[in-house]
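Per-entry structural report
Residues per chain are reported as follows:
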Amino acid sequence: MIELRDITKTYRMGKIAVHALRGVSLEVKAGELVAIVGPSGSGKSTLMNIIGCFDVPTSGEYRLEGKEVGRLTDNDLARLRNRKIGFVFQKFNLLPQLTAWENVQVPLLYAGVRLQERRERAAKALRQVGLGDRLHHRPNEMSGGQQQRVAIARALVTRPSFLLADEPTGNLDSNSGREIMDLLFSLNEEGTTLIVVTHDGLLAKRFPRLVEIRDGQLVREEVQ
Ligand SMILES: Nc1ncnc2c1ncn2[C@@H]1O[C@H](COP(=O)(O)OP(=O)(O)OP(=O)(O)O)[C@@H](O)[C@H]1O
Ligand SMILES: [Mg+2]
């Protein structure tokens, strides 16, 4: 389903080139649960951004459900992202002026879903993450754990095939972090492919498959 072949990513900063990814090959099948670990600066977010179609590789091939992503136009890429991929960020990335309910409706707006259906589906997604009583709260009126739940509701409201989470518990205390991970695991049990970047070694042990990246290369893979 996700097939990366010899992916490189080089950032050019004037005369300096930063080789963030140096030949990464990875396959993730439908329904899998994968943890990506590695030190700061090793290329984890760069890899996630490429998998999530927020960025394109410098070289290599990326096929998503059989389609070569590198050949798509920006518009097609945005549409693919909207239809197939949910992304959860460490810093939640909610729109501060919108309520929880409105934030979760945003991807449906881009997908061209009608207002009434947008409202219903967003409310349902918020109930699914345990926030049925917080529809009208703005991000600054909620705890970090609740904001991350809103972000997860926003990611799952389009019913994506893939859910990508880059350090989803990085800004949360350990209890809220555990709740968020339990929620993500339950979504995986319902069939969503889940890839999570984490610094947390204990958390990584809960994943059946663990991929370690160092200096832009996959150095270890564990199936546990
Ligand atoms: N937009 C950018 N422009 C230039 N260099 C970048 C850019 N984004 C990332 N880099 C560089 O690429 C390398 C990989 O960065 P990346 O964010 O993927 O690391 P990471 O593994 O996610 O680290 P962390 O655990 O700290 O989040 C780093 O050396 C970083 O400085
Ligand atoms: Mg990162």
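What counts as what
- Residues numbered from 1 in each chain as written.
- Chains lettered and ligands numbered in written order.
- Predicted model: local features only at pLDDT ≥ 70, side-chain atom pairs only at ≥ 80, totals over all residues.
- Near = placed C-beta within 6 Å.
- Helix = DSSP H or I, 4+ residues; strand = E, 2+ residues; numbered from the N terminus.
- Nonpolar A, V, L, I, M, F, W, Y, C, P; charged D, E, K, R; others polar.
- Pairing = 2+ DSSP bridges.
- Axes fitted to C-alpha atoms, helices over the stretch in contact; angles between N-to-C directions.
- Contact = placed C-beta atoms within 7 Å.

1. Topic: the site of ligand 1
In the vicinity of ligand 1, the contacting residues are Tyr11, Met13, Val18, Ala20, Gly38, Ser40, Gly41, Ser42, Gly43, Lys44, Ser45 and Thr46. Of all the secondary-structure elements, those providing two or more residues to the shell around ligand 1 are β1 (2-13), β2 (16-28) and α1 (44-51). For the shell around ligand 1, the leading source of residues is α1, giving 3 residues. Residues belonging to the shell around ligand 1 are distributed by class as follows: 4 nonpolar, 7 polar and 1 charged.

2. Things to note about the sheet that holds strand β10 (residues 217-223)
Pairing within the open sheet is mixed, and its 6 strands lie in the order β6-β7-β8-β3-β9-β10. Looking along the sheet, the strands with just one partner apiece sit at the ends: β6 (85-88) and β10. Averaged over all adjacent pairs, the angle separating strand axes in this sheet is 15°, with direction ignored. As paired strands, β6 and strand β7 (residues 162-166) are joined by 4 bridges and run parallel to one another. Its bridge partner being in β7, Gly86 is matched across the sheet by Leu163.

3. Points about the environment of Gln105
Assignment of secondary structure puts Gln105 in helix α3 (residues 100-110). Between the C-alpha atoms of Gln105 and Leu218, which are 113 residues apart in sequence, the distance is 36 Å. Not counting chain neighbours up to four residues away, the residues in contact with Gln105 comprise Arg118, Arg119 and Ala122.

4. A look at the sheet that holds strand β4 (residues 59-64)
An order of β2-β1-β4-β5 is seen for the 4 strands of this open sheet, with the pairing classed as antiparallel. Of all strands in the sheet, those bounded by a partner on one side alone are β2 and β5 (67-68). Two strands pair when backbone bridges link them, and β4 and β5 are joined in this way by 2 bridges, in the antiparallel orientation. Bridged to Arg63 within β5 is Glu68.

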